[in-house]
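Below are the chains, spelled out letter by letter.
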Amino acid sequence: MADFEPRRAEPGQHFGYTTREGRQREFRADAKGLVTPRSAEDVAILDGMSLPVARTEAKAPAKTKRPAASRATRSATPATSEPVEDTKGPGHPDAGGNG
Amino acid sequence: MGFPGNDADIAIAIQVAKGTPSVVSSQRLRLVSGGMAGSKAVSDVEETSAGRLRETSFVGSASGGGSPAFTVRPVSIGLLLYLAMGAKAVVGVADPWTHTFTLASALPWCTVWRRLATGLFERFSDCKLNSLTLRSEAGGLLIAEASFMSLTPAHKTAAEAPASFEAAATTFVHADGQGALLYEGASAAEIRRASVAINNNLAMQQGDAISGFDLVEQVQDITAESEHTIQDFNLYRRWMYGAAAPADNAGPSRDVLELGGSGIDFKWTRPGTPERSIRMQAPRVQVQQPSGHDPNASGAPIVETRTHKVYKPAAGSGLTAIVLNSQASYVAS
C-alpha cells in the first residue's frame, strides 16, 4: 500500500516545498483541515511541521468500554509490542472470565 | 560621469523548477551592504617555462553569487526564510497571514536580479540561498544577510521589470523583541545582541561545462548567538562544571550543556495592527561556549557572548520561523 496517513492541519492550509528533482510542489489541506501526503517527501514536510496524524483522533473513542467478547478476540491474537490501553487486572469485573 | 553607489537593488523570485529562470520578480529589496556579482575562477597555467613570468592563465569555472544584506521587512523576510529553510505553510483568511517555515532536505531554486544604477543589469538563475543570518543589536535594526549561489549568470540589457519595494517604514528594530527574546523559555531583558544563522553548506557540482550543474545541500549548520550583560555566571558554571552552583573544588563536567525550556525563541513584533512579526524557534540547542567575561579597567559591565548550535529534535523541525504579514502566499513565478 502506497497510502500515507492524513495529517491534521488548519482548513485550507497551504504547503509548499521543492522536490529532490528541483520542482516546486504545492498542496492544501481540505475544508476539514485534513491533508493527505502523496509521497515520502510530503510526509517529511508535514512531520517537520509537527502535524499530528489524523488517525490518532479517530482512535480516541476506543477508550470507551468495549464488549468483553471483542476484547477476548483481541487477546487471542499473538502478543505484540503494542500495549493495549484498557487492559484490566485479573481481578477486575471486566477482565473477561479470569476473575 | 560616474554612477551613484546608492542607486542599486536586488530582485528575487522563486523558480518553478531548476533550469527555468523566473520570468518576473516577486520581491525587490534595497541593500544595506554587499550585492551580487558574477565570478570566474581564473588560474595560472602552471608549467615549466623559459622565464620567471607565467605564460598564461585559464578560466576553470564561472558562477554567480554574493552576500547582500537587507533591512528586515515583514514580506521579504518570509521569502528569504523560505529560500533558506525549504518548506512553507500558510494559514489565515485575511491579513495577517501566518507563514510557518521549516527545514526541508531540498532548497527551492530562485532567480536573483542585480541592478547597479543605470549601468549594469544581471540575472542569476538556478540560485539557492547558501546562508541566511538574522541579527539585531540594542539600539539598531534587525538585519538579514543572505548569501546566494547561482549556477547561471546572464547579462541583461535592461533592469528587471520591478516588483515594488515594501514600504520603507516597516523595518524591525531590536526593541521590537522586548520581552520576547526568550532564552530557555524566559524573557531575557539583558540580551543586547541576538542572531540566528542558517548555513546550508551548498556545494557547487561541476561537470563538463564551465558552469556548475547542481548545488547540493550538505550537512546544515544552524547557530544562534546572543550577547548578555550578565546578571550572574550561572550559565558558564553549568557549561563548565555541570551545575549553576557547583560544589567547592568541583571539576569540569563532561556533559554538553543543552538549553532547557523552549531553547531559543526570539520574536520581533512591530507595534500596531495587523500584526507584523518574525519568530525564530529552536527547541533543541546546545551551548558551544559562553565566552567574553573580559574585565574592564574603566568598570564597563561584564558581557557574555553565548554561542549555540541547533541539533535535531526528537520530532519536528530543528528550526521553525513564523512570520505574520500581509502576503497571502509565496509562489513561484
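In this text the structure is predicted, and so the values were computed from the model without any measurement.

Thresholds, definitions, all that
Residues numbered from 1 in each chain as written. Chains lettered and ligands numbered in written order. Predicted model: local features only at pLDDT ≥ 70, side-chain atom pairs only at ≥ 80, totals over all residues. Heavy atoms only, no water. Helix = DSSP H or I, 4+ residues; strand = E, 2+ residues; numbered from the N terminus. Buried < 20%, exposed > 50% of the residue type's maximum accessible area, 1.4 Å probe, protein only. Contact = heavy atoms within 4.5 Å. Pairing = 2+ DSSP bridges. Buried area = accessible area lost by both parts, 1.4 Å probe. Salt bridge = Lys/Arg side-chain N within 4 Å of Asp/Glu carboxyl O. Polar contact = N/O pair within 3.5 Å; in protein donor to acceptor, adjacent residues only side chain to side chain. Nonpolar A, V, L, I, M, F, W, Y, C, P; charged D, E, K, R; others polar. Patch = residues over 30% accessible without salt bridge, like charges linked within 9 Å, V, L, I, M, F, W, Y side chains within 5 Å. Areas by Shrake-Rupley, 256 points an atom, 1.4 Å probe, with all protein chains shown as cover. Expected span 1.5 Å × (residues − 1). 1 Å grid on protein atoms, 1.4 Å probe; cavity = no way out; pocket = protein on both sides within 12 Å on 5 of 7 lines; lining within 4 Å. Points joined across faces, edges and corners; volume = space filled by probe spheres on them.

Let's shift gears to the environment of Gly140 of chain B. Residues and elements named next belong to chain B. Mapped onto the elements of the fold, Gly140 is located in the loop between β9 (120-137) and β10 (143-156). Judged by its relative accessible area of 23%, Gly140 falls in the partly exposed class. Residues within four places of Gly140 in sequence aside, it is in contact with Val173 and His174.

Turning next to the pairing of strand β3 (residues 24-28) of chain A. Residues and elements named next belong to chain A. Looking at chain direction, strand β2 (residues 14-18) and β3 are connected through five bridges and run antiparallel. Its bridge partner being in β3, Tyr17 is matched across the sheet by Arg25. Following β2, the chain reverses through five residues before pairing antiparallel with β3; Gly22 in that reversal takes a positive phi of roughly 90°.

The partner chain A presents 18 residues to the 25 residues of chain B that form the contact. When chain B packs against chain A, close to 1500 Å² is buried across both sides, 53% of that on carbon and sulfur atoms. Across the chain B-chain A interface, the total number found is two salt bridges. The salt bridge involving Glu26 of chain A is made with Lys88 of chain B; its shortest N-O contact spans 2.9 Å. Counting across the chain B and chain A interface gives seven residue pairs in polar contact (both at pLDDT 80 or more). Elements represented by at least two residues in the side of chain B that touches chain A include exactly β6 (86-91) and β7 (97-103) of chain B. By residue number, the principal contributor to the side of chain B that touches chain A is β6 of chain B, which donates six residues. Grouping the amino acids of the side of chain B that touches chain A by side-chain chemistry returns 15 nonpolar, seven polar and three charged. With four bridges connecting them, β2 of chain A and β6 of chain B associate as antiparallel partners. Bridge assignment links Gly16 of chain A to a residue of β6 of chain B, and that residue is Lys88 of chain B.

Before going further, it helps to spend a moment on the side chain of Arg115 of chain B. All names here are of chain B. Here Arg115 is to be found in strand β8 (residues 110-116). A polar atom in the side chain of Arg115 sits 2.7 Å from the side chain of Asp7. Within the local environment of Arg115, its side chain forms a polar contact with the side chain of Asp9, the two groups lying 2.9 Å apart. Apart from the residues lying within four places of it in its own chain, the contact partners of Arg115 are Asp7, Ala8, Asp9, Arg28, Leu120, Phe121 and Ala159.

In this section: a nonpolar patch on the surface. Residues Val42, Val59 and Ile210 of chain B make up a contiguous nonpolar surface patch of about 230 Å² in total accessible area. Residue position: Val42 of chain B is located in strand β3 (residues 36-44).

All names here are of chain B. The first and last C-alpha atoms of helix α1 (residues 74-85) sit 17 Å apart over 12 residues, in line with the 16 Å expected at 1.5 Å per residue. Among the 12 residues that make up α1, 12 are buried, leaving the element largely enclosed by the rest of the structure. Of the residues making up α1, those classed as buried are Pro74, Val75, Ser76, Ile77, Gly78, Leu79, Leu80, Leu81, Tyr82, Leu83, Ala84 and Met85. Gly86 occupies a position one or two residues after α1 and carries a positive phi of about 105°.

Our next topic: the side chain of Ser195 of chain B. Following the sequence through the fold, Ser195 of chain B ends up in strand β13 (residues 191-199). Sequence-distant contacts of Ser195 of chain B, that is, excluding residues within four places in its chain, are made with Leu134, Arg135, Thr223, Ala224, Glu225 and Phe266 of chain B.

Okay, the environment of Ala146 of chain B next. All names here are of chain B. By secondary structure assignment, the location of Ala146 is in strand β10. Spatially, the C-alpha atom of Ala146 lies 4.5 Å from that of Leu132, the residues being 14 residues apart in sequence. Ignoring anything within four residues of it in the chain, the contact list for Ala146 reads Gly66, Ser67, Pro68, Phe70, Leu80, Leu129, Ser131 and Leu132.

Right, let's get into the pattern of salt bridges. All names here are of chain B. Evaluated as defined, the whole model comprises 21 salt bridges over all chains. With a shortest N-O distance of 2.5 Å, Arg114 and Glu122 are connected by a salt bridge. Accessibility classification places Arg114 together with Glu122 in one group, the buried group. A salt bridge links Lys309 to Asp221, with the nearest nitrogen and oxygen atoms 3.0 Å apart.

Here the focus is empty space enclosed by the protein. Residue and element names in this part refer to chain B. Under the criterion given, the structure shown has three cavities of 30 Å³ or more. When its volume is computed, the largest cavity comes out at roughly 100 Å³. In terms of lining, the largest cavity is formed by Gln27, Arg28, Leu29, Arg30, Phe70, Thr71, Arg73, Ser76, Ser164, Phe165, Glu166 and Ala168. Contributing elements (two or more residues each) for the lining of the largest cavity: β2 (27-30) and β5 (69-71). The greatest single-element share of the lining of the largest cavity, amounting to four residues, is contributed by β2. Broken down by class, the residue content of the lining of the largest cavity amounts to four nonpolar, four polar and four charged.

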